[in-house]
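The primary structure of each chain is shown beneath.
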Amino acid sequence: MSDARTLAIVKPDAFSGGKTGKIIAQLEGDGFRIVGGRVVRLDRERAEAFYAVHRGKPFFTSLVDFMTSGPVLALALEREDAVTRLRELIGATDPAEAAPGTVRALYAESKERNAIHASDSPENARLEVAFFFAEKDLT
Ligand code: CMP
């Protein structure tokens, strides 16, 4: 499957903290093209559906609380090797383990309040882009 498109979410901590512009500049500086963007406030049902793979894990309820605590920016992004490259650019889930200069090293507060989400496989990228965007709305 093509690895040209992926989904990022600027999470409530980074969005409300005014980090969105810097994060977008970092993504565009790395060659990502924004093909879709939406500011949304997820309700619990939508957040639970998005993170369904984590249901039952100890952090699930807290993660849903966090992701519904304020607006987020969903971004559909394109570039060569988009999924792999975005995962590299955002860094490890835990900012304490994220490489210097990565989005999470720069802006994340904690393992949960970690500034940004990125799809972890081309298959999930396809599902996650479709979660937020109709194909006809992508440029
Ligand atoms: P994300 O890439 O959006 O995917 C799942 C999210 O769950 C992850 O980023 C973190 O925000 C959160 N998460 C993952 N592991 C933990 C953990 N051990 N404790 C708290 N939150 C976690």
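None of the values given here were measured: they were computed from a predicted structure.

A. Looking closely at the site of the ligand. Taken together, Lys11, Tyr51, His54, Phe59, Leu63, Thr93, Arg104, Lys111, Glu112, Asn114 and His117 are the residues near the ligand. Contacts to the ligand include Glu112, whose backbone N or O atom sits 3.0 Å from an oxygen atom. Separating an oxygen atom of the ligand from a side-chain N or O atom of Asn114 is a distance of 3.3 Å. Notes on the ligand: free accessible area 450 Å², of which the protein chains cover 81%. In terms of residue class, the shell around the ligand is built from 3 nonpolar, 4 polar and 4 charged.

B. The arrangement of the nonpolar core in detail. Within the largest apolar cluster, 21 residues are counted, with the highest numbers of intra-cluster contacts made by Leu7, Ile9, Phe50, Met67, Phe132 and Phe133. At 5 residues, the largest contribution of residues to this core is made by helix 4 (residues 60–67). Core analysis: the second largest hydrophobic core is formed by 19 residues, Leu86, Val103, Ala115 and Ala118 among them.

C. Layout of the pattern of salt bridges. Within the structure shown, the criterion is met by 11 salt bridges. Asp65 is paired through a salt bridge with Arg44; the nearest N and O atoms lie 2.8 Å apart. Taken as a pair, Asp65 in helix 4 and Arg44 in helix 3 (residues 44–50) lie far apart in primary sequence, 21 residues in all. With relative accessibility at 36%, the residue Arg44 sits in the partly exposed group.

Conventions adopted
- Residues numbered from 1 in each chain as written.
- Predicted model: local features only at pLDDT ≥ 70, side-chain atom pairs only at ≥ 80, totals over all residues.
- Heavy atoms only, no water.
- Near = heavy atom within 4 Å.
- Polar contact = N/O pair within 3.5 Å; in protein donor to acceptor, adjacent residues only side chain to side chain.
- Areas by Shrake-Rupley, 256 points an atom, 1.4 Å probe, with all protein chains shown as cover.
- Nonpolar A, V, L, I, M, F, W, Y, C, P; charged D, E, K, R; others polar.
- Core = buried A, V, L, I, M, F, W, Y, C linked by side-chain atoms within 4.5 Å.
- Buried < 20%, exposed > 50% of the residue type's maximum accessible area, 1.4 Å probe, protein only.
- Helix = DSSP H or I, 4+ residues; strand = E, 2+ residues; numbered from the N terminus.
- Salt bridge = Lys/Arg side-chain N within 4 Å of Asp/Glu carboxyl O.

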